[in-house]
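Spelled out, the chains give:
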Amino acid sequence: MKKQCQIMVHGLPFAYDNMMLRDMFKSITGGNILNTHVFKAAQAAIDKYNGSELHGRLLSVGLDKKLQGAP
């Protein structure tokens, strides 16, 4: 059984909707942005977007700590 990974994205522009977010991550995750069973894809998304700027807003992208069992 593959371990499920979930990433959280904070700091998106207020006008961004689900389709815009899906398009942003599509090339990395294959289009499944809410949950991905491929840790490498989740890590690639984090590596690419964490700390980057999007329409004047700083993105914070990382693994969902609650899902990973962290306090």
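Definitions and cut-offs
Residues numbered from 1 in each chain as written. Predicted model: local features only at pLDDT ≥ 70, side-chain atom pairs only at ≥ 80, totals over all residues. Heavy atoms only, no water. Helix = DSSP H or I, 4+ residues; strand = E, 2+ residues; numbered from the N terminus. Buried < 20%, exposed > 50% of the residue type's maximum accessible area, 1.4 Å probe, protein only. Arc of directions from axis to C-beta. pLDDT = per-residue confidence, 0-100. Contact = heavy atoms within 4.5 Å. Polar contact = N/O pair within 3.5 Å; in protein donor to acceptor, adjacent residues only side chain to side chain.

1. Some details on the overall build of the protein chain
Piece 1. A tally of regular secondary structure across the protein chain gives 2 helices and 4 strands.
Piece 2. When the helices and strands of the protein chain are listed from N to C terminus, the series reads β-α-α-β-β-β.
Piece 3. Across the 71 residues in the protein chain, those meeting the buried criterion constitute 31%.

2. A few points about unusual backbone geometry
Piece 1. Located in the positive-phi region is His55, a residue other than glycine, with phi close to 50 degrees.
Piece 2. Assignment of secondary structure puts His55 in the loop between strand 2 (53-54) and strand 3 (57-58).

3. Comments concerning helix 2 (residues 39-49)
Piece 1. Residues of helix 2 that are buried: Ala41, Ala42, Ala45, Ile46 and Tyr49. Looking straight down helix 2, one finds that the buried residues subtend no more than 140 degrees of arc, so they occupy a single side. In helix 2, the exposed positions angled more than 90 degrees off the buried face are occupied by Lys40 and Asp47.
Piece 2. Positioned one or two residues after helix 2, Gly51 has a phi angle of 85 degrees, which is positive.

4. With respect to the confidence of the model for the protein chain
Piece 1. Summarising the model, the protein chain shows a mean pLDDT of 78, and 70% of its residues fall at 70 or more.
Piece 2. Put simply, helix 1 (residues 18-29) is where the protein chain has its lowest mean pLDDT, 80, and strand 3 is where it has its highest, 96.

5. Observations concerning the environment of Arg57
Piece 1. Tracing the sequence through the fold places Arg57 in strand 3.
Piece 2. When its relative accessible area of 27% is taken as the criterion, Arg57 is described as partly exposed.
Piece 3. Linking Arg57 and Pro13, residues 44 residues apart in sequence, is a C-alpha distance of 6.2 Å.
Piece 4. Beyond its immediate stretch of four places on either side in the chain, Arg57 contacts Gly11, Leu12, Pro13, Phe14 and Ser52.
Piece 5. In terms of polar contacts, Arg57 uses its side chain to reach the backbone carbonyl oxygen of Gly11, at 3.1 Å.

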